[in-house]
Amino acid sequence: MSEWLPVVFTVLMGIAILAYVVLDGYDLGVGMLMPAAERQEQDRMVASIGPFWDANETWLVLGIGLLLVAFPVAHGEVLGALYIPVAAMLVGLMLRGVAFELRIKAEGWHRELWNWLFWAGSTLAAFAQGLMLGRYVTGFESGAGFWLFALVVGASLCGGYVLLGATWLILRTDGPLQAKAVAWARWGLLWVALAVALVSLGTPLVSETVRQKWFSFPRVAYVSLLPLATVAAWLWVWYSLKKSETQPFAGAVAIFVLSFAGLAYSLFPYVVIDRLTVWEAAAHPSALVFLLIGTLIVLPFNIGYTAWSYRVFRGKASGGSPYG
Amino acid sequence: MEEALILSRIQFGLNIGFHILFPAITIGLAWLLAYFRVRYERSRDPAWLETYKLWVKVFALTFAMGVVTGIVMSFQFGTNWPGFMNRVGNVAGPLLAYEVLTAFFLEATFLGVMLFGMNKVPGWVHMVSTIVVAFGTTLSAFWILALNSWMQTPTGHTQEAGVLVAASWLAVIFNPSFPYRMVHMLLASGITAAFLVAGLSAWRLLKAPADASAGKTLRFGAHLAAVLVPIQVVVGDLHGLNTLEHQPAKIAAMEALWKTERGAPLTLIGFPNQQSRSNDYAITVPKALSLILVHDPDGEVQGLEAFGEDVPPVAPVFWSFRVMVGTGVLMLILAWGSFFILKRPVVPRWLLWTFAGFTFSGWVATLAGWLVTEIGRQPWLVTGVLYTADAVGEATGAELGASLTAYVLTYTVMLISYVVVLTHLAGKGSQ
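These figures come from a predicted structure and were not determined experimentally. (Residues numbered from 1 in each chain as written. Chains lettered and ligands numbered in written order. Predicted model: local features only at pLDDT ≥ 70, side-chain atom pairs only at ≥ 80, totals over all residues.)

## Details of the overall build of chain A
Assigned secondary structure in chain A consists of 14 helices and 2 strands. For a compact globule of 324 residues, the expected C-alpha radius of gyration is about 20 Å, and chain A comes in at 20 Å, within 12% of that figure. Projected onto the principal axes, the alpha-carbon positions of chain A cover approximately 55 × 40 × 35 Å. Relative to its full complement of 324 residues, chain A shows a buried share of 53%. Of the contacts formed within chain A by residues at least 6 apart in sequence, a portion of 76% connects residues at least 24 apart. (Helix = DSSP H or I, 4+ residues; strand = E, 2+ residues; numbered from the N terminus. Rg over C-alpha atoms; globule rule 2.2 N^0.38 Å. Buried ≥ 20, exposed ≤ 12 C-beta atoms within 10 Å, placed from the backbone. Contact = placed C-beta atoms within 7 Å.)

Right, dumping it as structure tokens:
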């Protein structure tokens, strides 16, 4: 039992983090796109994420909570090494969270200020998350090269979130705003290509373990399907942008899922690359069993009412006043 | 190391102290909203809907503040106190995870429906969503207070290879101080929300004396406080007696009792002196402390000397306790004293100003209460199990200083904006 429990929790944590990246990714992306839109369009953009952003951020707390519960040793090690980017991300998330509420209530230049803070907070949070990813996959190595790598990953994750945000807007809006979102999505796609390429090339360079996993024969034959599928998803988004409202978002999610799968394959069974495996870092079985039972009971309900909420708010977002 | 410990404590204390301001309001306010919403559903009286729509704006903003500051906390457990998770993570972790799984998702999702779904779902579904949000906030308090109480009075665990493991989850959750702390905190939140509603309504009436809706909510808040504050006095006393049984050093610090005495005096006010281990300029009531704590004027009360080195710093605990009790007494006087005056159709302006001044009185009492219980637990992080100093992380003074500055700036902006927007909303009223 103590063999498979950590694996189960690795999977659960992976699902939580992936859900967070995709879900908060689109609303952070919408936040980053704010300055590119007109005044009424901005209200509509915010309205399109209004009912969801709170629950989206809860996935982050769940992901970090599962890291803390299932792998307490890694929790301290990872977050300790990422101290500054984590603090930056938190400040960003706080600013955008309150700006979200306050921009509705403010008037005049106050409103402009909160709009700006909504953009700045979203961008800071997205960039810091990319920075964390860049630091994490290189095992927190020090040195200017590794930091430069992390900075570029930070910038490109912003691009990824812009892609998610833009395709979300294609799905949830129409008219001129939708047309703009198509153009934004193309920019996002270009950035995403850079991000995925960088992380794919960077990780094997840093770690011998990762290199073995991808480039040893005969594995290379079937693991190369993953990058090929990612390229296919990328092309799917690019060519569906003008033809479909739903496919670009689905394709963008597919890019994230495939990239995440690649990353998970590279890292497993390490929770801190080359240093700490999921078994070494795992909590006591008594804690894991207690939590697993509850998770299996509660999670289906969570997914159920989340799906219901998306059904309630389906269709095009309007720019009308909130709380109607 | 010493510097990192102090900065880590300041940072975490600042964060948790800032965070608690918002749940302290939302737990209580969520139930008030549920009440308003149910009244509207049953009576179809538009006045209830107006009231609901005004206070749901306050709720949405407060809830968002609580969510984002709460996310910070989930990270700071790891960044600031890795030793906590390494040693007691097997017990503390699942409680936190259950809070996320059972409460956070519930609150966040149904909040979306509550705020944006009024025209998209049937009326009863919207009403149920409002009740679910209130239930979620209370459930969230349940888990986090179970964890905090376990840190105060740990039971139900054993040791295995240097780390703590739960032996009985029921004993962990329902540890000795949990029921008292839970009820005490829920009442605190109800009282905080009651004074917030009364205070902001009074503010509205100062600007628009004819606003009937604000007149109703002022009386509603004041009457709710008049009911809840006396209950809180009784529960607070029971909580104190529970603390005397399980954490006597905390009580000794709260009362600044340095020596174990029979017929111990109650120090009403004074200046605890850590060097001389006595109180300067103290005003005392003979035998009163023994009477209060052991219900016998000649009963023995343990002083700080009985606990050796493992005692909390006395002055902050002593003073915070007096701030909490003092604020509570003022709240009681206001809630009861205004009872008959509020029966008049026009409330005098001095009383409106007084209620407006008490808008955030719940914050003062709640924060002071948390300072008592958290500083009172020192030097332990988990009583008898883990010292705070042994849990601190390896972040450098520079990292902590830089992030602390960023947090302080962010919190200042957030707090000022919050208070400004609240008074602005209240000033506009429900029109």
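## Description of the overall build of chain B
Broken down by element type, chain B carries 13 helices and 8 strands. A compact globule built from 431 residues would reach a C-alpha radius of gyration of about 22 Å, and chain B, at 23 Å, matches this within 12%. C-alpha atoms of chain B, sized along the principal axes, occupy 65 × 50 × 40 Å. Sorting the 431 residues of chain B into buried and exposed places 53% on the buried side. Long-range contacts, defined here as pairs at least 24 residues apart, represent 74% of the contacts in chain B between residues at least 6 apart.

## Notes on the environment of Val233 of chain B
Residue and element names in this part refer to chain B. Looking at the element boundaries, Val233 is found in helix 7 (residues 212-246). Judged by the 14 C-beta atoms lying within 10 Å of it, Val233 falls in the partly exposed class. Considering only alpha carbons, one finds Val233 and Ala406, 173 residues apart in sequence, at a separation of 39 Å.

## Let's talk about the interface of chain A and chain B
Counting residues at the interface gives 55 residues for chain A and 60 residues for chain B. Sorting the residues of the side of chain A that touches chain B by element identifies helix 3 (53-70), helix 4 (72-81), helix 5 (83-105) and helix 14 (285-312) of chain A as the ones contributing at least two each. Per-element accounting of the side of chain A that touches chain B gives the leading share, 15 residues, to helix 5 of chain A. Each residue belonging to the side of chain A that touches chain B can be placed in one class, and the counts come to 36 nonpolar, 15 polar and 4 charged. (Nonpolar A, V, L, I, M, F, W, Y, C, P; charged D, E, K, R; others polar.)

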